[in-house]
Amino acid sequence: MSEQNCLVANDWVCGEYLRSRSQELVDATVQHVGITAASVAIGVLISLPLALLARRSRAFAGPVLGVTTVLYSIPSLAMFSLLLPLFGLSVSLVITGLVLYSLTILVRNILAGLQAVPEEATEAARGMGYGPLRLLWEVELPLALPALLAGVRIATVSTVALTTVGAIVDYGGLGTLILDGLDSDFKAQVLTASVLCVVLAILADLLLLGVQRWLTPWTRVTAGRASRGTRIRGSAGAVADAAEGRTPEKVA
């Protein structure tokens with residue numbers, strides 16, 4: 001009875017709210033995850049060619065980095081208002097805005113990763129007859145993967161938070177519940193949706209961290225093993241591994 005009264009008393013923590021509104025919470029969470037995943041995925045697809053363009057020449061790097069930085073500096077309400085004539089009140093409006101916000105993080109990280117690829121690795125690959133596309137796909141991208149995935153992690157956590165702003169057009173996932181709860185002073189709804197947003201951000205970061213560690217095992221060389229004479233195979237070995245589909249390994 002006391003748990004049911006927590007709704008009447010409008011308590012911040014209310015078990016009855018979780019039971020009675022469980023489907024609403026699930027639907028909002030699924031929408032939140034879907035918008036976040038779509039935004040980050042599209043952002044990566046757009047950022048990669050932009051980073052390649054920026055790496056090609058300083059004449060392209062300035063405008064690409066400058067435009068993405070300007071986009072990130074636009075307030076979210078203003079961004080959605082500018083996109084409204086193009087997309088109307090739809091989920092596409094929210095996803096497009098979030099994609100534009102993710103570009104500055106993703107482009108810079110991908111560019112940093114590509115620029116950090118050792119010159120010896122690319123020269124060795126060219127000497128083995130690699131063309132530009134094969135060089136990019138089998139050598140440069142694998143070696144740039146740590147920086148790329150680090151950018152994806154940052155962009156994902158940022159997007160989880162920014163997705164809530166989509167509540168202004170009723171496509172904000174958990175943000176819609178937060179806004180409705182604030183409007184009606186429904187404390188349990190505000191707190192529960194807010195906690196779920198934080199949990200989503202933490203879980204997404206941990207999941208992507210696991211993926212990053214799985215895809216880049218060569219980055220986990222410990223100082224203790226290094227002091228005992230363990231070393232990472234050189235750039236030419238990394239190129240050969242990439243060509244044969246193997247990940248870099250430690251050799252004694």
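Scoring rules and cut-offs
- Residues numbered from 1 in each chain as written.
- Predicted model: local features only at pLDDT ≥ 70, side-chain atom pairs only at ≥ 80, totals over all residues.
- Heavy atoms only, no water.
- Helix = DSSP H or I, 4+ residues; strand = E, 2+ residues; numbered from the N terminus.
- Buried < 20%, exposed > 50% of the residue type's maximum accessible area, 1.4 Å probe, protein only.
- Contact = heavy atoms within 4.5 Å.
- Areas by Shrake-Rupley, 256 points an atom, 1.4 Å probe, with all protein chains shown as cover.
- Patch = residues over 30% accessible without salt bridge, like charges linked within 9 Å, V, L, I, M, F, W, Y side chains within 5 Å.
- Salt bridge = Lys/Arg side-chain N within 4 Å of Asp/Glu carboxyl O.
- Core = buried A, V, L, I, M, F, W, Y, C linked by side-chain atoms within 4.5 Å.
- Axes fitted to C-alpha atoms, helices over the stretch in contact; angles between N-to-C directions.
- Parallel < 35°, antiparallel > 145°, perpendicular 65-115°, else oblique.
- Nonpolar A, V, L, I, M, F, W, Y, C, P; charged D, E, K, R; others polar.

(A) How the structure looks around the overall build of the chain. Of the regular secondary structure elements, the chain holds 12 helices and 2 strands. When its helices and strands are written in sequence order, the chain yields α-α-α-α-α-α-α-α-α-α-α-β-α-β. The buried share among the 252 residues of the chain stands at 39%. A separation threshold of at least 6 residues defines the contact pool for the chain, and within that pool the share at least 24 residues apart is 69%. Accessible area for the chain stands at about 13400 Å²; split by element, carbon and sulfur atoms hold 65% of it.

(B) Looking closely at a nonpolar patch on the surface. Residues V195, V198, V199, I202, L203 and L206 make up a contiguous nonpolar surface patch of roughly 520 Å² in combined accessible area. Secondary-structure assignment places V199 in helix α10 (residues 187-215). Classification of V199 as partly exposed rests on a relative accessible area of 36%.

(C) Representation of the nonpolar core in the model. Among the nonpolar cores identified, the biggest contains 22 residues, and A54, I110, L111, L114, L148 and V152 are the most heavily contacted of them. Only α3 (22-56), α4 (58-73), α6 (91-115) and α8 (132-162) provide two or more residues apiece to this core.

(D) Unusual backbone geometry, seen in detail. You will see that D170, though not glycine, has its phi angle at about 70°, which is positive. Looking at where D170 falls in the secondary structure, it is placed in the loop between α8 and α9 (174-184). Look at D185: it is not a glycine, yet its phi comes out positive at around 55°.

(E) Seen up close, the environment of A116. Checked against the element boundaries, A116 lands in the loop between α6 and α7 (119-127). Along the backbone, A116 and E140 are 24 residues apart, and their C-alpha atoms lie at a distance of 9.2 Å.

(F) View of the side chain of T156. Along the chain, T156 falls in helix α8. Discounting residues that sit within four places of it in the chain, T156 has contacts with T36, V40, A204 and L208.

(G) Quick look at the packing of α8 against α10. Here α8 crosses α10 at 170°, and the two axes come no closer than 9 Å. Considering the angle they form, α8 stands roughly antiparallel to α10. Of the residues in α10, those in contact with L145, P146, L149, A150, V152, R153, T156, V157 and V160 of α8 are C197, L200, A201, A204, D205, L208, L209, Q212 and L215. Tallied by class, the residues present in the contact of α8 with α10 amount to 14 nonpolar, 2 polar and 2 charged.

None of the figures reported here should be taken as evidence of function without further support.
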